[in-house]
Amino acid sequence: MNIKSNTALRDITPRDWAQFGAGEVAYVRPVMVNGTPAIAIHAADGTPIGAAPDIGLAIAAIVEHEMEPLLLH
């Protein structure tokens, strides 16, 4: 990455960062749903978009929707 690109990244607003990767990246994180372990799926901006009973199914759902899964911890 060149200096000009680094400067451009520093100038991105918080709102722009929230939209960074929207529609391309989905985050997964472990949660409890009604006392049962599950995996929450969130859009890049943090919007909940689904849940799955395990990480394998969560990743499969994300990939099926042509998004890149990332683990949020």
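As a reminder, the structure under discussion sits directly above these lines.
Since we're looking at a predicted model, the values are computed, not measured. (Residues numbered from 1 in each chain as written. Predicted model: local features only at pLDDT ≥ 70, side-chain atom pairs only at ≥ 80, totals over all residues. Heavy atoms only, no water.)

### With respect to a nonpolar patch on the surface
So, point 1. A cluster of nonpolar residues, Ile 55, Ile 59 and Val 63, forms a patch on the protein surface that exposes about 230 Å² of accessible area.
So, point 2. For Ile 59, the position within the fold is in helix 3 (residues 55-64). (Patch = residues over 30% accessible without salt bridge, like charges linked within 9 Å, V, L, I, M, F, W, Y side chains within 5 Å. Areas by Shrake-Rupley, 256 points an atom, 1.4 Å probe, with all protein chains shown as cover. Salt bridge = Lys/Arg side-chain N within 4 Å of Asp/Glu carboxyl O. Helix = DSSP H or I, 4+ residues; strand = E, 2+ residues; numbered from the N terminus.)

### Examining the pairing of strand 1 (residues 25-33)
So, point 1. Both strand 1 and strand 4 (residues 68-71) contribute to a ladder of four bridges, which runs parallel. Residue pairing for strand 4: Tyr 27 is matched across the bridge by Leu 70.
So, point 2. In this structure, strand 1 lies alongside strand 2 (residues 36-43), joined through eight bridges in antiparallel fashion. When the sheet's bridge partners are listed, Val 28 is paired in strand 2 with Ile 41.
So, point 3. Linkage of strand 1 to strand 2, two consecutive antiparallel strands, is achieved through a turn of two residues, within which Asn 34 is found at a positive phi near 55°. (Pairing = 2+ DSSP bridges.)

### What to know about the nonpolar core
So, point 1. Judged by nonpolar contacts, Ala 26, Val 28, Ile 39, Ile 41, Ala 52, Ala 58, Ile 62 and Met 67 together constitute the single largest core of eight residues.
So, point 2. For Ile 62, the residues in contact, after removing those within four places along its chain, are Ala 26, Val 28, Ile 41, Met 67, Glu 68 and Pro 69. (Core = buried A, V, L, I, M, F, W, Y, C linked by side-chain atoms within 4.5 Å. Buried < 20%, exposed > 50% of the residue type's maximum accessible area, 1.4 Å probe, protein only. Contact = heavy atoms within 4.5 Å.)

### Notes on the environment of Gly 50
So, point 1. With respect to the secondary-structure elements, Gly 50 resides in strand 3 (residues 48-52).
So, point 2. Along the chain, Gly 50 and Ala 61 lie 11 residues apart, while their C-alpha atoms are 9.1 Å from each other.
So, point 3. Ignoring any residue separated from it by four or fewer positions in sequence, one finds Gly 50 in contact with Ile 39, Ala 40 and Ile 41.

### What to know about unusual backbone geometry
So, point 1. With a phi angle near 55°, Asn 34 is a residue other than glycine that sits in the positive phi range.
So, point 2. Among the structural elements, Asn 34 can be located in the loop between strand 1 and strand 2.
So, point 3. On the basis of relative accessibility, which here comes to 78%, the residue Asn 34 falls in the exposed class.
So, point 4. The phi torsion at Glu 66 lies on the positive side, around 55°, for a residue other than glycine.
So, point 5. Tracing the sequence through the fold places Glu 66 in the loop between helix 3 and strand 4.
So, point 6. Judged by its relative accessible area of 73%, Glu 66 is exposed.

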